[in-house]
Amino acid sequence: MKSILNYIDGRFVRGQHEFEDVNPADGTVIAQVSEADQRQVDDAVGAARHALRGEWSRLGVRGRADRLHKVADAIEARFDCFVKAEVSDTGKPVTLASKLDVPRAAANFRVFADLAKMAGLESFQTETPDGKSALNYAVRKPLGVIGIITPWNLPLLLLTWKVAPALACGNTVVVKPSEETPATATLLAEAMQEAGIPRGVYNVVHGFGEGSAGEFLTQHSEVDAITFTGESRTGAAIMRAVAPTVKPVSFELGGKNAAIVFADCEFEEAVNGLSEAVFLNTGQVCLCAERVYVDRSIFDRFVQALKRKADSLHPGWPMEKDTDLGPLISAQHRDKVLSYYRLAEEEGATTIAGGGVPQFGDARDNGFYIQPTIYTGLPESARCMKEEIFGPVCHVTPFDSEDEAIAMANDTKYGLAASIWTSNLQRGHRVAQKMNVGITWVNCWYLRDLRTPFGGVGLSGIGREGGMHSLNFYSELNNICIRL
Ligand code: NAD
Ligand code: 6OH
């Protein structure tokens, strides 16, 4: 049986306790994972603090950027290994991991390495009351030891999205990947070694949240900041944990994202786009659309077209090339999503597609597959319209006017992403600017430029990462004022 170890101060370290890593496609145990205890989290944080002052700081911005490009090279050199590990841990289709997760991990390192080298600094010439002047300029310093806590849906992509800018700014990190998907964080440690990242700069502690490595990290007095992606209520727990030590936080949290489809959209494009937006990664992307609002004049046609898409998805074995729908991450998560399928019916929904669990007659029946599902007929007040489900499911609602669509889309405590589908350019801009979210796509979905601000409003998060926003979070600015 494969072992997945912690990585502390440049060494792979076993823990006192182990937990199982399960393949969601067939429920088999694929590895034993070493859980880091309090002492090992202390060791990891201590190593990270020590490494802040060593070779890592002496390398300077350019030296660190060169090493980060080498990390990207090492990821690309082990591309198949990363893909296989991510597919086994998550059950996502191999085509998706090859197209999205692993290339993005390498891109995260390259983009933030280059950005850190290019980043300018603020300066101001200040006129003083005595007719003289002063020069103000800010210098950028690392924030320190960064605790990075990440979820299971895009494990390597979301981990490196934070590790790369944190390291580019000269920080050191202790990462706590999701207990469901530990493999690629440890594999990344091998890439770090190969790229010559000094020991202590990148540390991995495995484990759970409360009473385990996650909580030990957030409560640690020697951790200078916490960056977290995951559920909104976990964000709230982390906020309480960091309060006594007043750590800065960056939170990328849940969503209950809306899509608005106008009658003047390119119909096929919108159906294909929405099919991705609802079902990609079995709906386990924080940006997925769970609420779709469609102009009443094309409502029936649209619902039927989306149903054909849902029914045509192939829930195959993850490593097979024609699979486009993997399982959910765990039995527990499937129970949660199925409880919403039941709730939707109790709340009066009409089931257009899916609503249950597929049967295969092979080992996939021991996995956590679920049918892609479409509902109509729920009132806006239904719980299924308000709570994040995080599965391959959406509800489609008709609308009669632009204002009504905007009001329904914005009627949520979340505010992560929205998509607008229209061929009217002015309408696209107008509606997009009224969306109460961090990211709005027009005639596309999950099209990323890593320099752009990324984050959410309300329950969807605190702060923005991406481009300079990441560099600003992962560094401290010291403003220097010189009287001239
Ligand atoms: P989760 O909040 O359950 O877990 C995320 C991480 O937090 C895991 O590593 C977990 O072990 C850790 N954790 C849990 N409790 C903790 C605690 N008390 N202290 C410290 N760490 C703790 O989230 P998940 O189920 O892994 O991921 C799915 C959720 O993540 C969804 O809500 C989804 O919308 C959200 N998400 C958001 C974004 C975004 O960019 N906004 C991206 C991906 C996922
Ligand atoms: C949430 O599940 C997806 C988040 C995606 C990103 O953070 C990204 O940078 O693409």
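Up top you'll find the structure we're talking about.
What counts and what doesn't
Residues numbered from 1 in each chain as written. Chains lettered and ligands numbered in written order. Predicted model: local features only at pLDDT ≥ 70, side-chain atom pairs only at ≥ 80, totals over all residues. Heavy atoms only, no water. Axes fitted to C-alpha atoms, helices over the stretch in contact; angles between N-to-C directions. Helix = DSSP H or I, 4+ residues; strand = E, 2+ residues; numbered from the N terminus. Parallel < 35°, antiparallel > 145°, perpendicular 65-115°, else oblique. Left-handed = near helix turned anticlockwise from the far one by under 90°. Contact = heavy atoms within 4.5 Å. Nonpolar A, V, L, I, M, F, W, Y, C, P; charged D, E, K, R; others polar. Buried < 20%, exposed > 50% of the residue type's maximum accessible area, 1.4 Å probe, protein only. Near = heavy atom within 4 Å. Polar contact = N/O pair within 3.5 Å; in protein donor to acceptor, adjacent residues only side chain to side chain. Areas by Shrake-Rupley, 256 points an atom, 1.4 Å probe, with all protein chains shown as cover. Pairing = 2+ DSSP bridges. Salt bridge = Lys/Arg side-chain N within 4 Å of Asp/Glu carboxyl O. Core = buried A, V, L, I, M, F, W, Y, C linked by side-chain atoms within 4.5 Å.

A. Region of the structure containing the packing of helix α4 (residues 79-90) against helix α7 (residues 183-194). Two elements in contact, α4 and α7, have axes separated by 9 Å at closest approach and are oriented at 165 degrees. Taken as axis vectors, α4 and α7 run roughly antiparallel relative to one another. Where α4 crosses over α7, the handedness of that crossing is right-handed. Residues C81, F82, A85, E86 and D89 of α4 lie in contact with α7, whose contacting residues are A183, T184, L187, L188 and A191. Across the contact of α4 with α7, the residue classes tally to 7 nonpolar, 1 polar and 2 charged.

B. Region of the structure containing unusual backbone geometry. Residue D9 is not a glycine yet carries a positive backbone phi of 55 degrees. Looking at the element boundaries, D9 is found in the loop between β2 (6-8) and β3 (11-13). Its identity as a non-glycine residue notwithstanding, Y446 has a phi of 50 degrees, on the positive side. With respect to the helices, strands and loops of the structure, Y446 is situated in the loop between β19 (439-442) and β20 (461-462). What makes Y446 buried here is its relative accessible area of 14%.

C. Representation of the site of ligand 2 within the structure. Surrounding ligand 2, one finds R104, N153, L154, L157, L158, W161, V285, C286, L287, Y446, R448 and F454. With respect to ligand 2, the side chain of Y446 contributes an N or O atom lying 2.8 Å from an oxygen atom. For ligand 2, the accessible surface in isolation is 300 Å², of which the surrounding protein chains cover 99%. For the shell around ligand 2, the leading source of residues is helix α6 (residues 155-168), giving 3 residues. Partitioning the shell around ligand 2 into residue classes produces 9 nonpolar, 1 polar and 2 charged.

D. Layout of the sheet that holds strand β7 (residues 133-142). Ordered by their spatial adjacency, 3 strands build an open sheet running β6-β7-β21, and the pairing between neighbours is antiparallel. For this open sheet the edge positions go to β6 (123-127) and β21 (475-483), each flanked by a neighbour on one side alone. Shown here is a sheet whose adjacent strand axes are inclined to one another by a mean of 25 degrees, direction ignored. When β7 meets β21, the two strands line up antiparallel, connected through 9 bridges.

E. Examining the pattern of salt bridges more closely. The tally for this structure, following the rule as stated, stands at 26 salt bridges. Put simply, D43 and R39 hold a salt bridge, and the shortest N to O gap is 3.4 Å. With a gap of 4 residues between them, D43 and R39 both fall in helix α1 (residues 38-52), about one helical turn apart. A salt bridge links E290 to K256, with the shortest nitrogen-to-oxygen separation between them at 2.7 Å. Of this pair, E290 sits in strand β14 (residues 289-295) while K256 sits in the loop between β12 (249-252) and β13 (257-261), placing them 34 residues apart in sequence. Each member of the pair, E290 together with K256, is buried. The structure contains a network of salt bridges with shared partners spanning D264, E402, R427 and R430.

F. The nonpolar core, seen in detail. In this structure, Y202, L274, L287 and F302 are the most contacted members of the largest nonpolar core, which totals 107 residues. For this core, the element with the most residues is helix α5 (residues 94-118), which contributes 12 residues. What Y202 contacts, discounting residues up to four positions off in sequence, is Y7, L159, V163, V173, V175, A185, L188, A189 and M192. With 30 residues, the next largest nonpolar core counts F262, V337, A349 and L378 among its residues.

G. How the structure looks around the site of ligand 1. Within the structure, ligand 1 sits among 29 residues, and K176, E179, T234, L253 and E388 are positioned closest to it. At 3.4 Å from an oxygen atom of ligand 1 is found a main-chain nitrogen or oxygen belonging to G230. Contact between ligand 1 and E231: an oxygen atom at 2.9 Å from a main-chain N or O atom of the residue. Summarising the interface, the protein chains cover 92% of the accessible area of ligand 1, which totals 850 Å² for the free molecule. Contributions of two or more residues to the shell around ligand 1 are made by α8 (213-219), β11 (225-229) and α9 (232-242). For the shell around ligand 1, the residue count by class is 13 nonpolar, 9 polar and 7 charged.

Limitation: the analysis is restricted to geometry and does not speak to function.
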